[in-house]
Amino acid sequence: MKDVKDSIRSHVRIGFDGSVHKTFRGTDADKRFAREVEVLQYLEKLECDYVPRVLDHDAEKLYLVTTNCGQVVNKVSERKQKELFGGLLDDYGVKHGDEFPRNITYDSRRGHFCVIDFELAEIVEQKAPGHHPKAAPEVTWAAQSISGKRKDDNDDSVLVFSCESGEPEIYGLDGTFLLGEESLVLVISDGMGGCDAGDIASRTVAEELAEFLPRTQTSNLPSPPDHYYLSCLSEIVENVHTKLNAAAAHETNPANLAATLTLCWLSQHKIHVAHIGDSRLYRFRDDQLSQLTKDHTFAWSAFQRGEINEYQFRNHPRRNVVYRILGGGHQSVTAQLFSNTFHRGDRYVLMTDGVVDGLKDAKIQQAFQDSNEATGLLEQLVPPAFGAAGEDDTSAIVFEIV
């Protein structure tokens, strides 16, 4: 095992499997040991996901083994410190007692910050097992779409609607929604084909989703599993694909009626995604930007494999040629489907390739860092992207878990 700390209060080592082995020493070692074990086991019962888990402990040897929460961070903002330690107190009733950056780590495997060292912690308010402090998160969003310079029609469609059994409720380009028993769906689609076909294709995708997705809400489970949502999304994607192809059958060239799709379906604690084409979904968490979707283009695949650099990718003559698309006369479609747990403070953006054309990832990350609210972030994404490129329609939906 590797030594990482050897002081008068404790000896900490990392095992070959990554687990953390801590032996308590010095004044009140037995009390500090007992307190850390008690608090960590209590937080595990409450399903707190940013603290270590107890793997083993020995009261006689004052020996504790926990899961690894990554590396101690060298620098963390005061806002992040307050968010982490304040969340422990507000959401779980635990006062940490040693609220300094030395007790904050970053877990690169899970992509978020964690809190460690609970030997001075105190449970000031008992919560019942199964307690979920984020039972009703709030989502705030803002959307914008600008028509490209090369044509009059806008082939992009953006749509936000609530999704429950029965009829959907359509919302405007900005708003706030409480995720309780109802869920929220955010959709962006880029139509293809030129003339009126692209406009018709993306609008058809949005309308079909709003009409049929709420009808899938037949589960009586209080919290359906991920596969329930993904199964619903898979079914509706197939239905929309069939609908577009049926409409395309009346066209001279069926390939002219096609569209991309990037959809986020928000339940109480998770985001469920369906994606086809080269529109994108990004997440900004803990000051890190991540592209969660894959571009279904050969140029992007070559870029990801390292065969071409970013400059070559952005100037590739077939960069916008997609191999997965809704409609277009293709017999079948395979969507990228996945579910992720969202965290308080997460921010996301759905965008069409018009934004991608105008802004590199570094510019997108800078926009997130410079703006703390949805409308301001949108203003730093869509108009600058349109100004830098602007030939194509430029659209985005930004939303935040507040």
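Structure first, text after, so check above.
Below is a summary of the structure that appears in this document. Computed from a prediction, not measured in an experiment: that's the story for all the values here.

## Points about the overall build of the chain
Looking only at helices and strands, the chain has ten helices and 24 strands in total. The principal-axis extent of the C-alpha atoms belonging to the chain is close to 85 × 50 × 35 Å. In the chain, which comprises 402 residues, the share counted as buried stands at 50%. Here the contacts in the chain between residues at least 6 apart in sequence split such that 70% fall between residues at least 24 apart. Counting only carbon and sulfur atoms, one obtains 48% of the accessible surface of the chain, whose full area is about 19000 Å². Counting 42 positive and 62 negative side-chain charges, the chain places the centres of these two groups 8 Å from one another.

## As for the nonpolar core
Counting 32 residues, the largest nonpolar core has Leu 213, Leu 263, Trp 265 and Leu 326 as the members making the most contacts within it. Elements supplying a minimum of two residues to this core: strand 12 (156-163), strand 15 (183-192), helix 3 (197-212), helix 4 (226-248), strand 17 (261-266) and strand 18 (270-276). Considering each element in turn, this core owes the most residues, ten residues, to helix 4. Core analysis: the second largest hydrophobic core is formed by 31 residues, Val 37, Leu 46, Leu 88 and Val 94 among them.

## Structural notes on the sheet that holds strand 1 (residues 2-6)
Within a sheet, adjacent strands bond to each other through the backbone by hydrogen bonds, running parallel or antiparallel. The strand order 1-2-3-5-4 describes an open sheet built from five strands, whose pairing is antiparallel. The open sheet has two edge strands with one neighbour each: strand 1 and strand 4 (54-58). Neighbour-to-neighbour, the strand axes of this sheet turn through a mean angle of 15°, independent of strand direction. In this sheet, strand 5 (residues 63-66) lies alongside strand 3 (residues 20-24) in antiparallel orientation, the contact comprising four bridges. Bridge assignment links Lys 22 to a residue of strand 5, and that residue is Leu 64.

## Considering helix 2 (residues 78-92)
Along an α-helix, a turn takes 3.6 residues, which lines up residues three or four apart on a common side. Here helix 2 spans 20 Å end to end across 15 residues, near enough to the 21 Å set by a 1.5 Å rise per residue. If you look at helix 2, its biggest bend is around 30°, right at Gly 86. For helix 2, the set of buried residues is Lys 80, Gln 81, Leu 84, Phe 85, Gly 87, Leu 88, Asp 91 and Tyr 92. Residues of helix 2 that are buried in the fold lie against helix 1 (29-45), strand 7 (94-95), strand 8 (104-107) and strand 9 (112-115). Trailing helix 2 by a residue or two, Gly 93 shows a phi angle of about 75°, which is positive.

## A few points about the sheet that holds strand 20 (residues 288-291)
The strand order 14-11-24-23-19-20 describes an open sheet built from six strands, whose pairing is antiparallel. Sheet topology places strand 14 (174-178) and strand 20 at the edges, where each strand pairs with a single neighbour. Here the average twist between neighbouring strands, direction ignored, is 20°. In terms of strand pairing, strand 19 (residues 280-285) meets strand 20 through four bridges, oriented antiparallel.

## Considering the environment of Thr 242
Locating Thr 242 in the fold gives a position in helix 4. Residue classification places Thr 242 among the exposed positions, given a relative accessible area of 51%. In the structure, Thr 242 is positioned 90 residues away from Ser 332 in sequence and 8.6 Å away in space, judged by C-alpha atoms.

## Focus on the packing of aromatic side chains
Counted under the stated rule, the structure contains eleven aromatic pairs. Each ring, one from Trp 141 and one from Tyr 171, has its centre 5.7 Å from the other, and the planes form 70°; the classification is edge-to-face. Of the two residues, Trp 141 is situated in strand 11 (residues 138-146) and Tyr 171 in strand 13 (residues 169-171); the sequence distance between them amounts to 30 residues. Seen from their ring centres, Tyr 229 and Trp 265 are 4.8 Å apart, and the 85° between their planes marks the pair as edge-to-face.

## Some words on the pattern of salt bridges
Going through the model one piece at a time under the given rule, you end up with 19 salt bridges. A salt bridge links Lys 22 to Glu 36, with the shortest nitrogen-to-oxygen separation between them at 3.0 Å. Highlighted residues: Lys 22 in strand 3 and Glu 36 in helix 1, separated in sequence by 14 residues. Comparing Lys 22 with Glu 36 shows no difference in burial state: the two are buried. Across the salt bridge formed by Glu 207 and Arg 203, the nearest N and O atoms sit 4.0 Å from each other. Placement of both Glu 207 and Arg 203 in helix 3 is noted, with a separation of four residues, approximately one turn of the helix. Taken together, the shared-partner salt bridges in this structure form one network comprising Arg 9, Lys 22, Arg 32, Glu 36, Asp 117 and Glu 119.

Thresholds applied
Residues numbered from 1 in each chain as written. Predicted model: local features only at pLDDT ≥ 70, side-chain atom pairs only at ≥ 80, totals over all residues. Heavy atoms only, no water. Helix = DSSP H or I, 4+ residues; strand = E, 2+ residues; numbered from the N terminus. Buried < 20%, exposed > 50% of the residue type's maximum accessible area, 1.4 Å probe, protein only. Contact = heavy atoms within 4.5 Å. Areas by Shrake-Rupley, 256 points an atom, 1.4 Å probe, with all protein chains shown as cover. Lys, Arg positive; Asp, Glu negative; His and termini not counted. Charge placed at Lys NZ, Arg CZ, Asp CG, Glu CD. Core = buried A, V, L, I, M, F, W, Y, C linked by side-chain atoms within 4.5 Å. Pairing = 2+ DSSP bridges. Axes fitted to C-alpha atoms, helices over the stretch in contact; angles between N-to-C directions. Expected span 1.5 Å × (residues − 1). Bend = angle between axes of the 7 residues up to and from the residue. Phe/Tyr/Trp six-rings, centres within 6.5 Å; stacked < 30°, edge-to-face > 60°. Salt bridge = Lys/Arg side-chain N within 4 Å of Asp/Glu carboxyl O.

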